[in-house]
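# Structural overview
Next come the chains, spelled out residue by residue.
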Amino acid sequence: MQLYYAPGTISIAVAIALEEAGITYEAVKVDFASAEQTKPAYGQINPKGRVPALAVEGGILTATGALLDYIDDLAPDAGLRPEDPVLKARMREVMYYLASTMHVNHAHKMRGSRWASQQSSFEDMTAKVPETMAASAAYISENGLKGPFVLGDEISIADCYLFVVCSWLEGDGVSVADYPKIRDFMATMDQRSSVRAVRAKGML
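Residues numbered from 1 in each chain as written. Predicted model: local features only at pLDDT ≥ 70, side-chain atom pairs only at ≥ 80, totals over all residues. Heavy atoms only, no water.

Under the defined criterion, the tally for this structure stands at two aromatic pairs. Taking 4.5 Å as the distance between ring centres and 35° as the angle between the ring planes, the aromatic pair formed by Y97 and Y139 counts as tilted. You can see Y97 sitting in helix α4 (residues 85-107) and its partner Y139 sitting in helix α5 (residues 119-144), a full 42 residues away along the chain. (Phe/Tyr/Trp six-rings, centres within 6.5 Å; stacked < 30°, edge-to-face > 60°. Helix = DSSP H or I, 4+ residues; strand = E, 2+ residues; numbered from the N terminus.)

In structure tokens form, the structure reads like this:
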């Protein structure tokens, strides 16, 4: 199994989940500095030109949420997804919010060309990022964390996702100290062997 990643990107959520699940994988760095993700060779791996991509026996899988679910299907005993249907939906509710809203807020800082063509539009979008990311942090703090983790006392794949997205907050002009629940969540995750392993590999 090969995980195509770029340091500090959402692909690291997949690496953390693989570590949590105890699944062996090869980390393959995609060099964003040289725009490797836009080159034909990587286009054969992921036509979207993004990370993560996971090479498995059945082919190439993409999209963070899909990969996290796949990991949980491979290692159900790791306990990264609840059995209760309500809790399972609750977990995905947070994951889908991260994918559809908070990640998009963050992307407006450097990926404005996805939505506009004028430099003035890029500048406007970048200026808005601290506001929208702060709003997302407030939502997560008030509604996304039911305890130390998204579901309370038990970690899930949503926490792998949330940890990476929240690692962007300071760089987006949002002080984590203003959100004690997120601050404590980040500290708790930082102590997990999965996160330490990913840091040791230079992925975070």
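Having seen it, we continue.
Next up on the list: the side chain of D172. Along the chain, D172 falls in the loop between α6 (157-166) and α7 (180-190). The exposure class of D172 is buried, given its relative accessible area of 2%. Polar side-chain contacts of D172 include one of 2.7 Å to the side chain of H106. When near neighbours in sequence (up to four residues on either side) are disregarded, D172 contacts H106, K109, V129, P130 and M133. (Buried < 20%, exposed > 50% of the residue type's maximum accessible area, 1.4 Å probe, protein only. Polar contact = N/O pair within 3.5 Å; in protein donor to acceptor, adjacent residues only side chain to side chain. Contact = heavy atoms within 4.5 Å.)

Take unusual backbone geometry next. Cis geometry marks the peptide bond from V51 to P52; its omega dihedral reads 10°. The backbone of A35 sits at a positive phi, close to 60°, despite the residue not being glycine. Summarising the element assignment, A35 is placed in the loop between β2 (26-29) and α2 (40-43).

This part takes up the pattern of salt bridges. Scanning all chains against the criterion turns up 11 salt bridges. With a shortest N-O distance of 2.7 Å, E19 and K201 are connected by a salt bridge. Residue E19 is located in helix α1 (residues 11-21), and its partner K201 is located in the segment after α8 (193-200); the two are separated by 182 residues in the primary sequence. Owing to a relative accessible area of 23%, E19 belongs among the partly exposed residues under this scheme. Here K201 falls in the partly exposed class, since its relative accessible area comes to 43%. (Salt bridge = Lys/Arg side-chain N within 4 Å of Asp/Glu carboxyl O.)

Counted by the stated rule, this structure contains zero disulfides. With no disulfide of its own, C160 lies closest to C166 among cysteine sulfurs, the gap being 13 Å. Among the residues examined, C166 registers a relative accessible area of 2% and is labelled buried. (Disulfide = S-S within 2.5 Å.)

Let us now look at the pairing of strand β4 (residues 59-62). Of the pairings in the sheet, the one linking strand β3 (residues 53-56) to β4 comprises four bridges and is antiparallel in character. Pairing of A53 across the sheet is with T62, part of β4. Hairpin connection between β3 and β4: a loop of two residues separates the two successive antiparallel strands. (Pairing = 2+ DSSP bridges.)

All right, on to the sheet that holds β3 then. As summarised here, the arrangement of the four strands in space is β2-β1-β3-β4, forming an open sheet in which the pairing is mixed. The sheet is open, and its two borders are formed by β2 and β4, each paired with just one other strand. Sheet twist, expressed as the mean angle between neighbouring strand axes with direction ignored, is 25°. Running over the sheet, α1 touches β1 (2-5) and β3 and is turned about 150° from β1. Running over the sheet, helix α3 (residues 64-74) touches β3 and β4 and is turned about 115° from β4. (Axes fitted to C-alpha atoms, helices over the stretch in contact; angles between N-to-C directions.)

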